[in-house]
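Residue-level structural notes
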Amino acid sequence: MASPILPAFTVRRGEPVLVSPAAPTPRETKALSDLDDAEGMRFYSSGIHLYRADPTKRGVDPAAVIREALARALVPYYPLAGRIREEAAGRKLVVDCDAQGALFVDADADLAAADFGDVHSPPFPCFEQFILEATTVAGAEPVIDRPLLYIQVLRSRSSKRARVTVTYSSIGTNDIIVLRDLQVTRLKCGGFIFGQRFCHCVVDAPGGMEFEKVICDLARGGSGPSAAPAWGREMFMARQPPLPSYPHPEYSEPAGGADRMLSTPASDMARVPFFFGPREIAGLRQRAPPHMGRSSRFELVAACIWLGRTAALGYGAGEEVRLSFIVNARGRADVPLPEGFYGNAFAYSVAATTAGELCAGGLGYALELVRKAKSAVTYDYLLSVADLMVLRGRPLFALSRTYIVSDVSHAGFKSVDFGWGEAVYGGPAKGGEGPLPGVTNYFSRSKNGKGEEGTVVPICLPKDAMDKFQLEVEGLTAEI
């Protein structure tokens with residue numbers, strides 16, 4: 001599961017250009033929901049897709065194909081070509097639909113798809129070269145008045161195709177802010193890398209995937225979305241008057257002392273991917289109480305990592321520890337989302353206890369807390385979060401002694417097909433989001449050397465804690 005070591009290579013980017021909708025679009029201002037504009041949503045989520053060469057596409061420029069499809073996709077999804085503005089009252093975010101466009105760049109690289117080996121899980125090797133990173137301020141990346149979408153297409157250094165670039169005054173990535181950016185990087189083998197960054201205030205992972213599928217459909221000669229995109233943000237606005245009906249501990253600091261995960265330098269952290277395949281899941285099920293035998297794969301893996309991580313970090317017995325994870329509201333009968341909705345439709349739910357109680361209670365206790373937290377998210381819970389955002393100035397969720405998880409194993413990233421077939425790799429660019437390594441994690445699908453499907457989790461911990469964590473996980477997953 002180790003990431004491949006790439007040969008020395010060079011990436012040469014073209015001039016970034018703003019891609020506007022291919023046809024006139026409404027000029028209006030749209031309010032984001034009170035879930036969208038939370039502090040914890042004000043960042044760019046990055047993804048990468050790696051494609052092999054397709055002999056039938058010889059002479060076809062993937063960057064040109066994707067750029068044209070992007071312009072056409074931005075017509076029905078025109079808010080993604082706009083800019084976010086923060087209103088003076090209550091830090092409320094709105095989107096000015098002004099058709100400024102998404103940021104797009106093509107690039108050359110003297111690499112082949114085979115150089116990346118069998119990469120199946122984040123972080124993607126040298127991901128910084130394949131996505132457009134913008135300027136940070138005090139360690140954070142602003143979203144106000146920036147493009148909402150960035151795309152980079154990486155292409156081959158050996159390509160003889162003429163390059164078309166458009167020069168704008170002050171168009172460097174330090175000067176503009178988009179809702180999304182895209183980079184397409186063509187490789188010397190004829191394959192390419194598609195790198196994108198979405199502003200999370202405007203779309204969540206399922207919403208972003210729907211937009212990418214529309215780009216794919218248009219790139220393959222299709223006619224666009226089968227269902228019209230729906231804004232629908234009124235679904236998740238705070239009630240009047242706002243009155244949270246749940247305690248939401250995720251937005252308050254846990255009891256206890258300082259957390260070493262927030263102060264350990266990145267150079268003192270170890271990064272190891274852990275694979276949970278059929279054998280590991282069988283071992284976890286054997287240790288689960290009989291009445292929890294039908295726990296989901298996510299519940300089992302999350303409980304295992306939370307338990308092992310807590311023990312490895314050596315928190316005090318009386319210190320509060322938390323597992324925070326995303327619960328998606330899509331497909332729930334009590335959440336009447338309009339068809340075509342692409343905004344944020346989830347909430348963070350929290351399992352909390354003390355380190356002593358968690359370690360003493362073992363896997364069964366951890367599972368019980370995870371399942372209880374997961375079932376707590378209802379439409380009323382989502383509205384309660386919206387109420388809290390308005391009342392408390394849209395706070396960031398607490399980070400101390402908190403392990404934050406996002407399960408993207410069913411997102412379908414590899415199915416993104418621009419006409420070159422299924423991606424060799426499709427998924428998050430990074431192992432987690434945010435400036436603090438190891439606090440957040442993605443769960444993604446992968447295969448081991450035997451071809452077995454499983455869940456892979458890229459764990460990042462202080463070096464002295466990693467060995468103990470590995471022993472804890474081996475003890476919990478070994479078949480009895």
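Everything below is about the structure printed above this text.
A quick note: this is a predicted structure, and the numbers were derived from the prediction, not measured.

Definitions and limits used
- Residues numbered from 1 in each chain as written.
- Predicted model: local features only at pLDDT ≥ 70, side-chain atom pairs only at ≥ 80, totals over all residues.
- Heavy atoms only, no water.
- Pairing = 2+ DSSP bridges.
- Helix = DSSP H or I, 4+ residues; strand = E, 2+ residues; numbered from the N terminus.
- Axes fitted to C-alpha atoms, helices over the stretch in contact; angles between N-to-C directions.
- Phe/Tyr/Trp six-rings, centres within 6.5 Å; stacked < 30°, edge-to-face > 60°.
- Buried < 20%, exposed > 50% of the residue type's maximum accessible area, 1.4 Å probe, protein only.
- Lys NZ or Arg CZ within 6 Å of the ring centre and 35° of its normal.
- Salt bridge = Lys/Arg side-chain N within 4 Å of Asp/Glu carboxyl O.
- 1 Å grid on protein atoms, 1.4 Å probe; cavity = no way out; pocket = protein on both sides within 12 Å on 5 of 7 lines; lining within 4 Å.
- Points joined across faces, edges and corners; volume = space filled by probe spheres on them.
- Nonpolar A, V, L, I, M, F, W, Y, C, P; charged D, E, K, R; others polar.
- Core = buried A, V, L, I, M, F, W, Y, C linked by side-chain atoms within 4.5 Å.
- Contact = heavy atoms within 4.5 Å.
- Expected span 1.5 Å × (residues − 1).
- Bend = angle between axes of the 7 residues up to and from the residue.

1. Focus: the sheet that holds strand E5 (residues 83-86)
Taken in spatial order, the three strands of this open sheet run E3-E6-E5, and their pairing is antiparallel. Strands with a single pairing partner mark the edges of an open sheet, and in this sheet they are strand E3 (28-31) and E5. Direction aside, the axes of adjacent strands within the sheet are offset by 35 degrees on average. As defined by bridge partners, E5 adjoins strand E6 (residues 93-97) across four bridges and the pair is classed as antiparallel. Residue Glu-86 lies in a different strand from E6, and its bridge partner there is Leu-93.

2. Details of the packing of aromatic side chains
On inspection of all chains with the given rule, the structure shows 23 aromatic pairs. When the centroid spacing of 4.8 Å and the interplanar angle of 20 degrees are considered together, the rings of Tyr-51 and Phe-192 count as stacked. Separated by 141 residues along the polypeptide, Tyr-51 in strand E4 (residues 44-51) and Phe-192 in strand E10 (residues 192-199) bring together distant segments of the chain. Residue classification places Phe-192 among the buried residues on the basis of a relative accessible area of 0%. Relative to Phe-130, the ring of Phe-116 has its centre 5.9 Å away and its plane inclined at 65 degrees; by these criteria the two rings are edge-to-face. With a gap of 14 residues between them, Phe-116 in the loop between strand E7 (102-109) and strand E8 (147-156) and Phe-130 in the loop between E7 and E8 connect regions that are remote in the sequence. The same class applies to Phe-116 as to Phe-130, namely buried. Taken together, Phe-9, Phe-116, Phe-124, Phe-130 and Tyr-425 form an aromatic cluster joined through their ring pairs. Stacked on the ring of Tyr-150, the Lys or Arg Arg-197 has its end atom at 4.4 Å from the ring centre.

3. Notes on the pattern of salt bridges
In total, this model carries 22 salt bridges according to the counting rule given. Linking Lys-92 and Asp-34 is a salt bridge whose minimum nitrogen-to-oxygen distance equals 2.9 Å. Taken together, the residues Lys-92 in the loop between E5 and E6 and Asp-34 in the loop between E3 and E4 connect sequence positions 58 residues apart. Here Lys-92 falls in the buried class, since its relative accessible area comes to 12%. It is possible to trace a salt-bridge network through shared partners that takes in Asp-34, Asp-37, Lys-92 and Arg-394.

4. A short note on the pairing of E7
Most of E7 sits inside the fold, with eight of its eight residues counted as buried. Burial along E7 is two-sided: Ala-102, Phe-104, Asp-106 and Asp-108 and Leu-103, Val-105, Ala-107 and Ala-109, pointing in opposite directions, are all buried. The pairing of strand E1 (residues 11-13) with E7 spans three bridges and is classified as antiparallel. Directly across from Val-11, in E7, lies its bridge partner Ala-109. When strand E2 (residues 17-19) meets E7, the two strands line up antiparallel, connected through three bridges. Counted as the bridge partner of Val-17 is Phe-104 from E7.

5. Regarding the pairing of E6
The element E6 is extensively covered by neighbouring structure, given that four of its five residues are classed as buried. Pairing between E3 and E6: four bridges, direction antiparallel. By the bridge assignment for E6, Thr-29 is matched with Asp-96. Linking E5 to E6, which pair antiparallel, is a turn of six residues; within it Gly-90 sits at a positive phi near 70 degrees.

6. Some thoughts on empty space enclosed by the protein
Counted under the stated rule, the structure contains two cavities of 30 Å³ or more. The calculated volume of the largest cavity comes to roughly 110 Å³. The wall of the largest cavity is formed by 13 residues, among which Ala-38, Met-41, Tyr-251, Tyr-348 and Val-385 lie closest to the centre. Looking at the lining of the largest cavity element by element, the count peaks at three residues for strand E13 (residues 346-354). The residue inventory of the lining of the largest cavity, partitioned by class, reads eleven nonpolar, one polar and one charged. By volume, the second largest cavity amounts to about 40 Å³.

7. Focus on the nonpolar core
Ranked by internal contacts, the top residues of the largest apolar core, which has 127 residues, are Leu-70, Phe-104, Phe-211, Phe-276 and Phe-418. At eleven residues, the largest contribution of residues to this core is made by helix H4 (residues 297-313). In this structure Phe-104 touches Glu-15, Pro-16, Val-17, Val-19, Ala-63, Ile-66, Arg-67, Leu-70, Ile-151, Val-153, Leu-182 and Val-184, once residues within four positions along its chain are discounted. In terms of nonpolar packing, the next biggest core, distinct from the first, is built from 20 residues, Val-11, Phe-116, Val-119 and Phe-130 among them.

8. Some points on the sheet that holds strand E17 (residues 453-462)
Strand order across the open sheet formed by six strands is E11-E17-E16-E14-E12-E13, with mixed pairing between neighbours. Strand pairing shows two members of the sheet lacking a second neighbour, strand E11 (269-276) and E13, which therefore form its edges. Mean inter-strand twist for the sheet, computed between neighbouring axes without regard to direction, equals 25 degrees. Where E11 lies against E17, eight bridges are found, and the strand directions are antiparallel. Bridging across to E17, Pro-273 finds its partner in Pro-458.

9. Description of helix H5 (residues 355-375)
Helix length check: H5, at 21 residues, gives a terminal C-alpha distance of 23 Å against a target of 30 Å (1.5 Å per residue), a shortfall beyond 12%. A bend of about 120 degrees at Gly-362 is the largest found in H5.

These figures come from the coordinates and say nothing about function on their own.
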